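# Descriptive structure summary
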Amino acid sequence: MKDGYATALGLRYEAVKRALPAAVTLVAVSKKRSVEEIRALYDLGHRDFGENYAQELRAKQSELPADIRWHFIGHLQRSNVRHLVPFIHLIHGIDGAPLLDEVQKRAAAADRVVDVLLQIHVAQEETKHGLDADEARALLQSWSTADRASIRLRGLMGMATNTEDHELVRREFERLAALFQELKPQAPVPQAFDTLSAGMSGDLGLALAAGSNLVRVGTAIFGERD
Ligand SMILES: *Cc1c(COP(=O)(O)O)cnc(C)c1O
């Protein structure tokens with residue numbers, strides 16, 4: 001870390017926080033950031049961090065304070081679920097029943113209840129993972145509380161298309177927010193279905209305007225990634 005890093009980090013962090021209503025959770029996306037960079041933000045009082053890669057997350061988690069709330073925001077492979085379940089705070093990227101079944105199995109074995117979000121595909125890019133609206137509806141209709149006793153469904157996550165076309169991004173976030181409102185009454189525990197994870201450094205304002213209450217911000221806090 002260069003001299004002055006902590007000062008610059010603190011200024012960017014305060015600026016991001018000022019842009020957020022108090023009820024919005026800020027997850028600092030720390031993928032590809034060093035343990036030292038994460039600790040610098042931790043020392044400013046931040047506790048919610050998001051990572052995309054299971055191995056990287058495990059390595060960092062073992063070196064950093066235990067009161068960090070770790071969010072898994074990447075594409076989760078079933079083979080990695082067991083490594084994350086013992087400590088993960090929220091899994092954002094659930095994309096179907098097979099992954100849910102694995103989380104259930106591993107969470108029950110670890111004697112934990114694990115919070116998850118369903119990832120919804122709203123972007124035009126094929127590379128973004130997730131369920132479409134009908135798949136999400138079907139998943140909720142077939143949800144058996146008895147078979148998923150170690151999972152708490154907290155809401156939805158989505159990523160908009162990476163584009164300068166703000167109208168497109170706005171429409172995508174609005175579709176995501178509408179689906180969130182539609183599905184809430186059908187959720188296994190509607191009161192617990194309270195989290196809409198949407199918005200990154202480049203589209204934060206549009207996500208908040210649509211009703212996001214959890215934003216995942218990397219670059220705007222830590223600076224450009226290598
Ligand atoms: C990298 C990433 C972010 C943060 O992106 P920034 O543009 O750096 O804010 C948010 N969400 C997901 C799923 C990501 O992969």
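That block above? That's the structure.
One structure accompanies this document, and this report is about it. (Residues numbered from 1 in each chain as written. Predicted model: local features only at pLDDT ≥ 70, side-chain atom pairs only at ≥ 80, totals over all residues. Heavy atoms only, no water.)

## Re the site of the ligand
This is how the line gets drawn: Residue proximity to a molecule or strand is established when one non-hydrogen atom of the residue lies within 4 Å of it. Counting of polar contacts relies on pairs of N or O atoms within 3.5 Å, with two restrictions inside protein: one atom must be capable of donating a hydrogen and the other of accepting it, and residues adjacent in sequence are counted only when both atoms are side-chain atoms. To measure how exposed things are, a 1.4 Å probe is used in the Shrake-Rupley method; for residues, cover is taken only from the protein chains shown. For this scheme, ten residues count as nonpolar: Ala, Val, Leu, Ile, Met, Phe, Trp, Tyr, Cys and Pro. Four count as charged, namely Asp, Glu, Lys and Arg, and the remainder, Gly too, count as polar.
Lys31, Asn52, Ser201, Thr219 and Arg225 are the nearest of the 13 residues found near the ligand. Residue Ser201 places a side-chain N or O atom 2.5 Å away from an oxygen atom belonging to the ligand. A distance of 2.8 Å is found between an oxygen atom of the ligand and a side-chain nitrogen or oxygen belonging to Arg225. Expressed as a share of its isolated accessible area of 390 Å², the protein-covered part of the ligand is 91%. Its residues placed into classes, the shell around the ligand shows six nonpolar, four polar and three charged.

## Some words on helix 5 (residues 97-109)
Side chains that are three or four residues apart share a direction in an α-helix, a result of its 3.6 residues per turn. Short version of the rule: Each helix corresponds to a stretch of at least 4 residues labelled H or I by DSSP, and each strand to a stretch of at least 2 residues labelled E; elements are numbered beginning at the N terminus. Take the residue count of a helix, subtract one, and multiply by 1.5 Å to get its expected span. For every residue, the accessible area (1.4 Å probe, protein chains only) is compared with the maximum for its type, and the residue is labelled buried under 20%, exposed over 50%, or partly exposed between those bounds. Any two residues whose heavy atoms approach within 4.5 Å at even a single point are treated as in contact.
Over its 13 residues, helix 5 extends 18 Å from the first C-alpha to the last, a length consistent with the 18 Å expected when each residue adds 1.5 Å. Taken together, the buried positions of helix 5 are Leu99, Leu100, Glu102, Val103, Gln104 and Ala107. On its buried face, helix 5 sits against helix 4 (78-84), strand 4 (90-94), strand 5 (114-121), helix 6 (133-141) and strand 6 (151-159). Directly after helix 5, the chain includes Asp111, whose backbone phi takes a positive value near 60°.

## Quick word on the environment of Lys17
For Lys17, the location among the structural elements is in helix 1 (residues 5-18). You can call Lys17 partly exposed: its relative accessible area is 36%. For Lys17 and Ala54, which are 37 residues apart along the polypeptide, the C-alpha to C-alpha distance reads 27 Å.

## Re the packing of helix 1 against helix 2 (residues 35-43)
So the rule is basically this: To get an axis, fit a line to the C-alpha atoms, keeping to the stretch in contact for a helix; angles then go from 0 to 180 degrees between the N-to-C directions. Here is the rule for angles: anything less than 35 degrees is roughly parallel, anything more than 145 is roughly antiparallel, 65 through 115 is roughly perpendicular, and the remaining ranges are oblique. Crossing handedness follows the turn of the near helix against the far one: under a right angle anticlockwise gives a left-handed crossing, and clockwise gives a right-handed one.
Closest axis-to-axis distance for the helix 1/helix 2 pair is 10 Å, and the angle between their directions is 55°. Taken together, helix 1 and helix 2 sit at an angle that is classed as oblique. Helix 2 is crossed by helix 1, and the crossing has right-handed handedness. Side by side, helix 1 and helix 2 meet where Tyr5, Leu9 and Tyr13 of the first sit next to Glu37, Ala40 and Leu41 of the second. Partitioned by chemical class, the residues of the contact of helix 1 with helix 2 number five nonpolar, no polar and one charged.

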